[in-house]
Amino acid sequence: MQIEKDRVVTLNYTLKDDSGKVIDQSQNGEFVYLHGANNIIPGLESALAGQATGDKLSVQIAPEDAYGARDESKTQQVPREMFPQDVDIQVGMQFQAQGPDGQALMVIVAAVADDTITVDGNHPLAGVSLNFDVEVLEVRAATEEELTHGHAHGPEGHHQH
Ligand code: ZN
């Protein structure tokens, strides 16, 4: 069966950055998604369209079709006292912050100085080209319930939500 809208697809994949470092992977058929429902990044979804069970592909996805370009205006310096006083702030730590419209925003600590912490609100993969090696393990029609929910359900059937 071919991958198209309203099919549920099981994949193995390895995701590397341009230096060849593995960023993420899923093996043993643990990754299942509903095609055509924006469940995965657009560049990967369009590369998979028309593939079938057993197909293997390698695809490079530009940041614009993945997590977007980096936006330097999302990097800011924040006074140290805005952070919990009992935490030893380190580069790479994640915090929940409030965006300009009051929405929740995950930020990553990019630099630490005596009185100032630099935080970065970009997605960790913003500006990164993604190199996927993908194997299509299974393609099946989505169930009515999956289509209603807009996502795939695992082999155990329905989950709570
Ligand atoms: Zn569901």
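Calculation criteria
- Residues numbered from 1 in each chain as written.
- Predicted model: local features only at pLDDT ≥ 70, side-chain atom pairs only at ≥ 80, totals over all residues.
- Heavy atoms only, no water.
- Helix = DSSP H or I, 4+ residues; strand = E, 2+ residues; numbered from the N terminus.
- Buried < 20%, exposed > 50% of the residue type's maximum accessible area, 1.4 Å probe, protein only.
- Salt bridge = Lys/Arg side-chain N within 4 Å of Asp/Glu carboxyl O.
- Pairing = 2+ DSSP bridges.
- Axes fitted to C-alpha atoms, helices over the stretch in contact; angles between N-to-C directions.
- Core = buried A, V, L, I, M, F, W, Y, C linked by side-chain atoms within 4.5 Å.
- Contact = heavy atoms within 4.5 Å.
- Domains from an automatic or database assignment.

Some words on the environment of Asp71
For Asp71, the position within the fold is in the loop between β3 (56-61) and β4 (75-79). Given the relative accessible area of 31%, Asp71 is considered partly exposed. The spatial distance from the C-alpha of Asp71 to the C-alpha of Asn122 is 6.7 Å, given a sequence separation of 51 residues.

Some points on the pattern of salt bridges
As enumerated under the stated definition, the model contains five salt bridges in all. For Asp120, the salt bridge goes to Arg70, with nearest N and O atoms at 2.9 Å. Here Arg70 lies in the loop between β3 and β4 and Asp120 lies in strand β7 (residues 116-120), a separation of 50 residues in the sequence. Here the salt bridges share partners, and the residues they tie into one network are Arg70, Glu72 and Asp120.

Quick look at the sheet that holds β7
Read across the sheet, four strands follow the order β4-β7-β6-β5 without closing on themselves; strand pairing throughout is antiparallel. The sheet is open, and its two borders are formed by β4 and β5 (94-98), each paired with just one other strand. Shown here is a sheet whose adjacent strand axes are inclined to one another by a mean of 45 degrees, direction ignored.

A closer look at the nonpolar core
Residues Leu44, Leu48, Ile61, Leu130, Phe132 and Val134 are the most contacted members of the largest nonpolar core, which totals 21 residues. Ranked by the residues each element gives to this core, the list is headed by strand β8 (residues 130-141), at five residues. If near-sequence neighbours (up to four positions away) are discounted, Leu48 is found in contact with Ile3, Leu11, Tyr33, His35, Ile40, Leu57, Val134 and Val136. With eight residues, the next largest nonpolar core counts Val78, Ile89, Val109 and Ile117 among its residues.

Considering the domain arrangement of the protein
When the domains of the protein are assigned, the result is domain 1 (7-67 + 126-149) and domain 2 (72-120). Of note, the centres of domain 1 and domain 2, computed from C-alpha atoms alone, are 32 Å apart.

Brief notes about the environment of Ala97
Structurally, Ala97 is set in strand β5. By relative accessible area, which is 30% here, Ala97 ends up partly exposed. Each C-alpha atom of the pair Ala97 and Gln25 lies 28 Å from the other, and the pair is 72 residues apart in sequence. When neighbours within four sequence positions are excluded, Ala97 is seen to be in contact with Gln103, Ala104, Leu105 and Val107.

Some details on the sheet that holds strand β2 (residues 22-34)
The sheet built from four strands is open, its strands ordered β2-β1-β8-β3 with antiparallel pairing. Sheet topology places β2 and β3 at the edges, where each strand pairs with a single neighbour. On average, adjacent strands in this sheet sit at an angle of 25 degrees to one another, irrespective of strand direction. Here β3 pairs with β8 via six bridges, running antiparallel. Looking at the pairing, Ser58 lines up with Asp133 of β8.

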